[in-house]
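Coordinate inspection notes
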Amino acid sequence: MKFLRIVLANLARHKRRTFLTTAGIALALFLFATLRTVVTTLQATAQFGSARRLVTTNATGIVFVLPLSYAERLRAVPGVTAVSWANWFGGKYGDGKRFFAQFAVDAQSYLAMYPEMTLPPEQREAFFREKTSVIVGRRLLDVYGWKLGQNITIQGTIFPGDWTFTIRGVYTPSNKVLNDDMLLFRHDYFDERIGRAGVAGWYVVEIDDPNNAGKIAKTIDDMFRNSSAATKTGTEQAFNASFATMWGNVSLLMGTIGMAVVFAILLVSTNAMMMSARERTRDIAVLKTIGFSDRVLFGLVMAEAAVISLTGSFVGLGAAKWLYRATNFNGAGFLPGFDVTVGTLLFGGGIALLLMLASGLVPAIQAARLPVVVALRRVE
Amino acid sequence: MKIPLIYNARSVLQRPVSTALTALGIGLVVAVFIGMLALANGFRAALARTGSARNVLVLRRGADSELASGVGRNEFSIIAASPHVASGPDGRPLASPEVYVLIPLARPGDSTAVANVVARGVSAAAWEVRSNVKVSQGRRPESGRSEICIGEKIAGRFANTGVGETLRFAGRDWSVVCHFSAGGSAFESEIWGENEQFMPVFRGQVFQSVTFRLKDPAAFAEAKRTLEGDQRLTVDARRENEFYAGQSQLLESILQVLALLITSIMAVGAIFGAVNTMYAAVASRAPEIAVLLTLGFRPRSVLASFLVESALIAALGGLIGALLALPINGVVTSTTNWTSFSEIAFSFRVTPGLLVAGLLFAIVMGVVGGFFPARRASKVPVVEAIR
């Protein structure tokens, strides 16, 4: 620690350069953490889902519906403990600029099946009681400044007309990956308004034992194979994963940009370290003359590089972690639960070490090997 | 008097490593800048080219996508009989009632990953109405048969999409009889078949949209008024090209915001690099600058000279960046267009304008990064520096 003063003095020699280099590293790691978090968030979304929930959709595609009469038959399948259903609504609120998902759900069975959606019992009761009531996510309520008991009107695009609902409940997800800006309204009301078509977009099936998931899914699909609408059943996780894969190779894109960012900052900081070492050739020679060993000088230059890259990455990674948590960022609903993971922080730390080595090693070796006589002669 | 440019060029070459590192740093920023905007560009281009200003797309009123729409047979007859619809050589109206659905196709190599591909059931008139659609391989599907034609962009991106192969969806086997091109538009990401074949297997007796050719391209407003005002119809009429261009807005703006956000953060880092480099250059050349000032060069000229030097390094970086980004031109990628919820494949488009923008961006970084060091140079205290 006795050399700390020398390291600090060296860093303070060009305060501006030290600051700019550190800030540059901080920015790069902030960006890196952000890009990587996009990828990890998509992965987390793809892995969300209870092992005890299966999703049954129309085999022809997600835009096709299933008859409501399937519910009874699904309930009768051995191993199935509960059945619920939902429909995608696809309406617009206000100018429609901000998108949020709306679903018509079978109220009682749906909330029972998703304990992750927590809301006070009296709001739950109100939702069950009133046919035109809705429950909305906490974020949605905040974004639009809605209040409990307020009436809101949604314009249907798939199901035309004005749909007016009363907000009777606000849910908060206990699992962050679950979106907190959805609107849920009652399927019986939906069915009534579209002329008792008796359709469900998809079924959620709760099973007693996750180990039987494959077997039960097959039983269900076999049962409906020759019905009016064949089904495709899979775990909820697979259902969610299929949405995540629709982004295509976004992970590759983010990864490539992240690499470019890290590499660019590597160049900048290496350059800065080399410049500062070059300017100090004389200082190093003097230190050597008064008895500092080669090893100590090597350490001094490396320590300087370490202070810059570690401080920079600490600030950058910390800022990313803090900012996204403080602003509750969710990528306009596309990236629910956006939070910098520990893995990303460790990865960032690894990059910081790499930066330290890459930018410090060459100048440090040069400093250690510097022949005193030559250096002193060259300077004066 | 101005300091000659050759002075800067030689000074830059005096410090090859430092110059190269700084330029490369700026180059990477420019490469990411060009690459991301090329992505947004390609996406927009694909949708902007979809559809023609001479065509009108009719959807059920209030529907903002073909998926959400429904048009009955009667309504189609009324639309087709409108005097605004052009007629083909055979005297039949150039109007195509279409079935539009999404079908899940597994991405090759990963059976759990699916993409929702558009399956469009068209009438025979569709091939005339969409004048940019051309069969590039094989022959058109024949009426009354389970035959399909596959857009060039997705042919090969999914299994069983080659001509002569059989693709299974909606519980039936469909023989692939052709591939078609459509001038790089989003149609190239679709599967086309006959509407009468698609109707029974998908949604029953309803079309999703009607597209027709205007008899008089200038009479769009009038055609729109007539159709929307018709008591027997509840429809919205839009120009086909405007409708598809509108579908690109959401994703395109996401991409653009992302591009600007990422590159501006990167740019700040690169500018810091340039600042460091230029300050070091000024510091190590203080005696030289003092000599220039003694010789009678004005401080203003010194300032300009160092700014030029910084811009020069940055321009070099810009060139490197443009060269790095150039190979991605034409690379095909795909994603889901969340507005229409369908898979769309498109190519990165690096345009000359984008390259120039990248170069300018680099020079701006250089000038911004070089300004304070250059000002320092112009204020070098002559006597002290020379001693």
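This one's a predicted model, so the numbers in the text were calculated from it and none came from an experiment. (Residues numbered from 1 in each chain as written. Chains lettered and ligands numbered in written order. Predicted model: local features only at pLDDT ≥ 70, side-chain atom pairs only at ≥ 80, totals over all residues. Heavy atoms only, no water.)

A short note on the overall build of chain A
Here is the rule we go by: Secondary structure elements are defined from DSSP: runs of H or I of at least 4 residues count as helices, runs of E of at least 2 residues count as strands, and each element is numbered from the N terminus. The cut-offs for exposure are 20% and 50% of the maximum accessible area for each residue type, with area from a 1.4 Å probe on protein chains only; residues under the lower value are buried, those over the upper are exposed, and the others partly exposed. Here, two residues are considered to be in contact whenever any of their heavy atoms come within 4.5 Å of each other. All accessibility values rest on the Shrake-Rupley procedure with a 1.4 Å probe; residue burial counts only the protein chains present in the view. Charge assignment: positive for Lys and Arg, negative for Asp and Glu; neither His nor the chain ends contribute. Lysine's charge is taken at NZ, arginine's at CZ, aspartate's at CG and glutamate's at CD.
Secondary structure summary: chain A contains 14 helices and 13 strands in total. When the 380 residues of chain A are sorted by exposure, 52% land in the buried category. Pairs at least 24 apart in sequence give 80% of the contacts found in chain A among residues at least 6 apart. Split by element, the accessible area of chain A, about 17,200 Å² in all, is 62% carbon and sulfur. Mean positive and mean negative side-chain charge positions of chain A (39 and 26 charges, respectively) differ by 13 Å.

Points about the overall build of chain B
Inclusion rule: Put simply, the radius of gyration uses C-alpha atoms, and a globule should come to 2.2 Å times the residue count raised to 0.38.
Each helix and strand counted, chain B has 12 helices and 12 strands in total. Over its C-alpha trace chain B gives a radius of gyration of 29 Å, far above what one expects of a compact globule, namely 21 Å for 387 residues. Oriented by its inertia axes, the alpha-carbon framework of chain B measures out at about 95 × 50 × 35 Å. Within chain B, the fraction of its 387 residues that count as buried is 58%. Taking all contacts inside chain B whose residues are at least 6 apart in sequence as the whole, residues at least 24 apart take part in 78%. Here chain B displays about 15,700 Å² of accessible surface, and carbon together with sulfur accounts for 61% of that area.

So, empty space enclosed by the protein
Residues and elements named next belong to chain B. Here is the rule we go by: With a 1 Å grid spanning the protein atoms alone, the term cavity applies to any set of points in which a 1.4 Å probe fits but cannot get out, the term pocket to an open set with protein on both sides within 12 Å along at least five of seven lines, and the term lining residue to any residue with an atom within 4 Å of a point. Grid points are joined across faces, edges and corners, and a volume is the space filled by probe spheres set on the points.
For the structure on display, the rule yields five cavities of 30 Å³ or more. Within this model, the largest cavity holds a volume of roughly 120 Å³. Taken together, 15 residues line the largest cavity, and the ones lying closest to its centre are Tyr 100, Ala 186, Glu 190, Ser 340 and Ser 342. At the level of elements, α7 (240-247) and β12 (342-347) are the ones that each hand at least two residues to the lining of the largest cavity. The biggest single contributor to the lining of the largest cavity is β12, with three residues.

Examining the pairing of strand β1 (residues 53-58) of chain A
Residue and element names in this part refer to chain A. Put simply, the rule reads: Pairing between strands requires that DSSP locate at least two bridges from one strand to the other.
Most of β1 is tucked away: six of the six residues are buried. For β1 and strand β12 (residues 202-207), the ladder comprises four bridges, and the chain directions are antiparallel. Each residue of the ladder has a partner; that of Arg 53, found in β12, is Glu 206. Where β1 lies against strand β13 (residues 231-235), five bridges are found, and the strand directions are antiparallel.

Focus: the interface of chain A and chain B
Our working rule: Note on terms: buried area is the combined drop in 1.4 Å-probe accessible area of two parts once they are placed together, counting the loss on both. Any Lys or Arg side-chain nitrogen located within 4 Å of an Asp or Glu carboxyl oxygen qualifies as a salt bridge. As used in this structure description, the phrase polar contact means that two N or O atoms lie within 3.5 Å; if the pair is within protein, one of them must be able to donate a hydrogen and the other to accept it, and residues adjacent in sequence are counted only when both atoms belong to side chains.
Each side of the interface is counted separately: chain A has 43 residues, and chain B has 51 residues. Both sides of the chain A and chain B interface together cover about 3,900 Å² of buried area, and 72% of this is carbon and sulfur. The tally of links between chain A and chain B comes to zero salt bridges. Connecting chain A to chain B are seven residue pairs in polar contact (both at pLDDT 80 or more). Elements that contribute at least two residues to the side of chain A that touches chain B include exactly α2 (15-47), α9 (236-245) and α10 (250-279) of chain A. Here the element with the most residues in the side of chain A that touches chain B is α10(A); it accounts for 14 residues.

Some remarks on the packing of α2(A) against α10(A)
All names here are of chain A. Our working rule: Every angle, taken between N-to-C directions, lies between 0 and 180 degrees, and every axis is a line fitted to C-alpha atoms, over only the stretch in contact when it is a helix. With respect to orientation, any angle under 35 degrees is reported as roughly parallel, any angle over 145 as roughly antiparallel, any angle of 65 to 115 as roughly perpendicular, and every other angle as oblique. A clockwise turn of the near helix away from the far one marks a right-handed crossing, whereas an anticlockwise turn of less than a right angle marks a left-handed crossing.
Interaxial distance between α2 and α10 falls to 9 Å at its minimum, and their mutual angle equals 165 degrees. By the angle class used here, α2 and α10 are roughly antiparallel. The way α2 lies across α10 gives a crossing that is left-handed.

What to know about the nonpolar core
Applicable threshold: Put simply, buried Ala, Val, Leu, Ile, Met, Phe, Trp, Tyr and Cys residues joined by side-chain atoms within 4.5 Å make one nonpolar core.
Grouped together as the largest cluster of nonpolar side chains are 108 residues, with contacts concentrated most on B:Ile34, B:Trp192, B:Ile262, B:Met266 and B:Met365. Ranked by residues supplied to this core, first place goes to helix α2 (residues 16-48) of chain B with 16 residues. Residue contacts for B:Ile262: discarding those within four places in its chain leaves A:Leu31, A:Leu35, A:Ile257, B:Val32 and B:Met36. Counting 47 residues, the second-largest nonpolar core is a separate cluster that includes B:Val118, B:Phe202, B:Phe220 and B:Leu233.

Quick look at unusual backbone geometry
In this structure, A:Asn328 takes a positive phi of about 55 degrees despite not being glycine. As for its position among the elements, A:Asn328 is in the loop between α12 (294-327) and α13 (342-369). Even without being a glycine, B:Asn160 presents a positive backbone phi close to 60 degrees. As for its position among the elements, B:Asn160 is in the loop between β5 (147-151) and β6 (166-169).

Points about the pattern of salt bridges
A side chain of one charge can pair with a side chain of the opposite charge if their charged atoms are brought near each other. Residues and elements named next belong to chain B. In this structure the tally under the stated criterion is 40 salt bridges over all chains. The residue Glu 309 makes a salt bridge to Arg 15 at a minimum N-O spacing of 2.9 Å. One end of the pair, Glu 309, is in helix α10 (residues 299-325); the other, Arg 15, is in the loop between α1 (5-14) and α2, and 294 residues separate them in sequence. Here Glu 309 matches Arg 15 in class, with each residue buried.

Observations concerning α2(A)
Residues and elements named next belong to chain A. For clarity, the cut-off: Helix span, expected: 1.5 Å multiplied by one less than the number of residues in the helix.
The first and last C-alpha atoms of α2 sit 47 Å apart over 33 residues, in line with the 48 Å expected at 1.5 Å per residue. Along α2, 24 of the 33 residues are buried, which leaves the element largely enclosed by surrounding structure. Gly 49 lies just past α2 and shows a positive phi near 140 degrees.

Brief notes about the environment of A:Leu345
Its location among the elements puts A:Leu345 in helix α13. Sequence-distant contacts of A:Leu345, that is, excluding residues within four places in its chain, are made with A:Leu317, A:Lys321 and A:Val340.

Notes on the packing of aromatic side chains
Applicable threshold: Here is the rule: rings of Phe, Tyr and Trp (six-membered ring for Trp) pair when centre to centre is within 6.5 Å. Planes less than 30 degrees apart are stacked, more than 60 are edge-to-face, and the remainder are tilted. As a reminder, the over-ring test applies to NZ of lysine and CZ of arginine, requiring each to be within 6 Å of the ring centre and within 35 degrees of the ring normal.
This model, assessed by the stated rule, comprises 48 aromatic pairs over all chains. Arranged with centres 5.5 Å apart and planes meeting at 90 degrees, the rings of B:Phe198 and B:Phe202 form a pair that is edge-to-face. By relative accessible area, B:Phe202 is classed as buried at 10%. In this structure an aromatic cluster arises from ring pairing among A:Trp88, A:Phe99, A:Phe103, A:Trp202, A:Phe239, A:Phe243 and B:Phe341. Across from the ring centre of A:Trp163, 4.2 Å away, lies the NZ or CZ of A:Arg193, which sits over that ring. In this structure, B:Arg172 packs its charged tip against the face of B:Trp174, placed 4.7 Å from the ring centre.

Observations regarding a nonpolar patch on the surface
All names here are of chain A. Going by this rule: Patch membership is restricted to residues that have no salt bridge and whose relative accessible area is over 30%. Joining uses 9 Å for like charges and 5 Å for the nonpolar side chains Val, Leu, Ile, Met, Phe, Trp and Tyr.
A contiguous nonpolar patch, built from Val 286, Ile 290 and Leu 376 and spanning about 250 Å² of accessible area, is present on the exposed surface. Relative to the assigned elements, Val 286 resides in helix α11 (residues 281-289). Classification of Val 286 as partly exposed rests on a relative accessible area of 38%.

Comments concerning the state of the cysteines
All names here are of chain B. Inclusion rule: Any two cysteine sulfur atoms within 2.5 Å of one another count as a disulfide.
The tally for this structure, following the rule as stated, stands at one disulfide over all chains. Here Cys 149 pairs with Cys 178 through a disulfide, and the sulfurs are 1.9 Å apart. Of note, the bridge from Cys 149 to Cys 178 carries an S-S torsion of about -135 degrees and is left-handed in sense. Taken together, the residues span a long stretch of sequence, with Cys 149 in strand β5 and Cys 178 in strand β7 (residues 172-181) at a distance of 29 residues. A residue is classified by how much of its surface remains accessible, and Cys 178, at 0% relative accessible area, is buried.

Focus: the environment of B:Leu5
Among the secondary structure elements, B:Leu5 is positioned in helix α1. Sequence-wise, B:Leu5 and B:Val308 are 303 residues apart; in three dimensions their C-alpha atoms are separated by 8.1 Å.

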